[in-house]
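The primary structure of each chain is shown beneath.
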Amino acid sequence: MNATLPQATLPLVVAMTGASGAGIAIRLLECLRHAGIPLQLIVSDAAVEVLRTELDLQIDSDRGEFVGADFGLAPANSWWRKLSATPPRSLPTPETPTETPTETPNSTVRLYGAQDLLSPLASGSHLTRGMVICPCSGSTLGAIAHSIGTNLIHRAAEVHLKERRRLVLVPRETPLSTPMLENMTAVSRHGAIVLPASPGWYHGVDSVFDLIDFVVARILDQFQIPHGLMKRWGNDSEGP
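Residues numbered from 1 in each chain as written. Predicted model: local features only at pLDDT ≥ 70, side-chain atom pairs only at ≥ 80, totals over all residues. Heavy atoms only, no water.

Q: What am I meant to see in the overall build of the protein chain here?
A: Counting its regular elements, the protein chain contains seven helices and eight strands. When each of the 240 residues of the protein chain is scored for burial, the buried share is 50%. For the protein chain, long-range pairs separated by at least 24 residues make up 74% of all intrachain contacts whose partners lie at least 6 apart in sequence. (Helix = DSSP H or I, 4+ residues; strand = E, 2+ residues; numbered from the N terminus. Buried < 20%, exposed > 50% of the residue type's maximum accessible area, 1.4 Å probe, protein only. Contact = heavy atoms within 4.5 Å.)

Q: How do you make sense of the packing of aromatic side chains when you look at a structure like this?
A: The relative placement of two aromatic rings is captured by the distance of their centres and the angle of their planes. One pass over the full model with this rule turns up one aromatic pair. Geometrically, the ring pair formed by tyrosine 202 and phenylalanine 214 is edge-to-face, given 5.7 Å between the ring centres and 85° between the ring planes. Note that tyrosine 202 is positioned in the loop between β8 (193–194) and α7 (208–222) and phenylalanine 214 in helix α7, a separation of 12 residues in sequence. (Phe/Tyr/Trp six-rings, centres within 6.5 Å; stacked < 30°, edge-to-face > 60°.)

Q: Honestly, the confidence of the model for the protein chain in this entry has me stumped. Any pointers?
A: Summing up the model confidence of the protein chain, the mean pLDDT is 82 and the portion of residues at 70 or higher is 75%. Considering only residues more than four positions removed or in separate chains, one finds that residues 68–86, a stretch of pLDDT under 50, has 46 contacts. Throughout residues 97–104 the model reports pLDDT below 50, and contacts reaching past four residues in sequence, or to other chains, amount to eight contacts. (pLDDT = per-residue confidence, 0-100.)

Q: What is the right way to look at helix α6 (residues 178–190) in this model?
A: An α-helix turns once every 3.6 residues. As a result, residues three or four positions apart point the same way. With 13 residues, α6 should cover 18 Å at 1.5 Å per step; its first-to-last C-alpha distance of 18 Å lies within 8% of that length. Buried-residue contacts for α6 involve α4 (138–145), β7 (167–171) and β8. Where α6 ends, the next residue or the one after it, glycine 191, has phi of about 120°, a positive value. (Expected span 1.5 Å × (residues − 1).)

Q: How do you make sense of helix α1 (residues 22–34) when you look at a structure like this?
A: Here α1 is 13 residues long and its end C-alpha atoms lie 19 Å apart, about the 18 Å a rise of 1.5 Å per residue gives. The buried count for α1 comes to 13 of 13 residues, which makes it a mostly enclosed element. Residue glycine 36 follows α1 closely and has a positive phi angle near 80°.

Q: Sorry, what's going on with the sheet that holds β8 here?
A: Strand pairs in the sheet, formed through backbone hydrogen bonds, run parallel or antiparallel to each other. Taken in spatial order, the six strands of this open sheet run β5-β2-β1-β6-β7-β8, and their pairing is parallel. Either end of the sheet is taken by a strand with one partner, and the two such strands are β5 (109–113) and β8. One ladder, built from five bridges, connects strand β1 (residues 12–16) with strand β2 (residues 39–43); its direction is parallel. Within the sheet, the bridge partner assigned to leucine 12 lies in β2 and is leucine 39. Helix-sheet contacts for helix α5 (residues 152–162) involve β1, β2, β5, β6 (130–136) and β7, and the interaxial angle to β6 is about 135°. Sheet contacts for α7: β6, β7 and β8; angle to β7, the most-contacted strand, approximately 165°. (Pairing = 2+ DSSP bridges. Axes fitted to C-alpha atoms, helices over the stretch in contact; angles between N-to-C directions.)

Q: Explanation requested: the nonpolar core in the structure shown.
A: One broad rule of soluble globular proteins: the nonpolar side chains tend to lie buried together. Leu32, Val132 and Ile219 are the most contacted members of the largest nonpolar core, which totals 38 residues. Of all the secondary-structure elements, those providing two or more residues to this core are β1, α1, β2, α2 (45–55), β6, β7 and α7. Ranked by residues supplied to this core, first place goes to α1 with eight residues. The residues contacting isoleucine 219, other than those within four sequence positions of it, are Leu28, Val132, Cys134, Val170 and Leu195. Counting residues in hydrophobic clusters, the runner-up holds 24 residues, among them Val13, Leu121, Leu169 and Ala186. (Core = buried A, V, L, I, M, F, W, Y, C linked by side-chain atoms within 4.5 Å.)

Q: Help me understand the pattern of salt bridges, please; the structure alone is not making it clear to me.
A: On inspection of all chains with the given rule, the structure shows six salt bridges. Across the pair glutamate 30 and arginine 27 runs a salt bridge whose closest N-O atoms are separated by 2.5 Å. With glutamate 30 and arginine 27 both in helix α1 and three residues apart, the pair spans about one turn of that helix. Grouping residues by exposure puts glutamate 30 and arginine 27 together as buried. Close ionic contact of aspartate 213 with arginine 27 constitutes a salt bridge, the shortest N to O distance being 2.7 Å. Highlighted residues: aspartate 213 in helix α7 and arginine 27 in helix α1, separated in sequence by 186 residues. Side by side, aspartate 213 and arginine 27 carry an identical accessibility label, which is buried. (Salt bridge = Lys/Arg side-chain N within 4 Å of Asp/Glu carboxyl O.)

Q: What should I look at first to understand the packing of α4 against α5 in this one?
A: Packed helices, taken two at a time, are described by the angle their axes make and the gap between the axes. In contact at an axis separation of 9 Å, α4 and α5 are set at 45° when each is read in the N-to-C sense. With respect to each other, α4 and α5 are oriented oblique. For the crossing formed where α4 meets α5, the hand is right-handed. On α5, the residues touching Thr140, Ala143 and Ile144 of α4 are Ile153, His154, Ala157 and Leu161. Its residues assigned to classes, the contact of α4 with α5 comprises five nonpolar, two polar and no charged. (Parallel < 35°, antiparallel > 145°, perpendicular 65-115°, else oblique. Left-handed = near helix turned anticlockwise from the far one by under 90°. Nonpolar A, V, L, I, M, F, W, Y, C, P; charged D, E, K, R; others polar.)

Structure follows, in structure tokens:
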């Protein structure tokens, strides 16, 4: 980290692209907000369509909020609610010891348009704690691998690579083509973390929520954000 500010005060950049897996991104946002992490969110046009299709969520661009959910679970008429009456595992513990988890998200969220190349996120002088692209589409992966900055998501990712900050890419695609595999190798060589949305099963799986939480937990681990989303291997208790 090349920042002079305390890491806990720095925002985390979260980008959503048009790959399937919107539920993972929404759960990630929910956990980050409950952990008190300041967020700077970029949602591509394709991601807006995926959110509408998979979760029946829409974005109020003027307010910078999702319509129908407070960065948490989706509306009652979506598959998300129908799958289980039991909520996902426990939310993260806020980073500030004096804070206590509540049902009301307690961090700020700033929404940026994917075409807003004049945003602070386009500059390396803008300090962040890192960036995660979840889900990361194959086209976004290719643009980052080849430094093709056609939108703010690509540019912000390039900024994080050049500034040597943590960049986590969460692709959700199967099977993988040879170009996608080569692009994953390229971004990994450049310093990014490739974290496929490939959940494990060893932590005890009662519903799809547990599979989603496994992936989200691994993302939070990359940024050293405490959580209690899953049991770690060889540890009988939940949490870090």
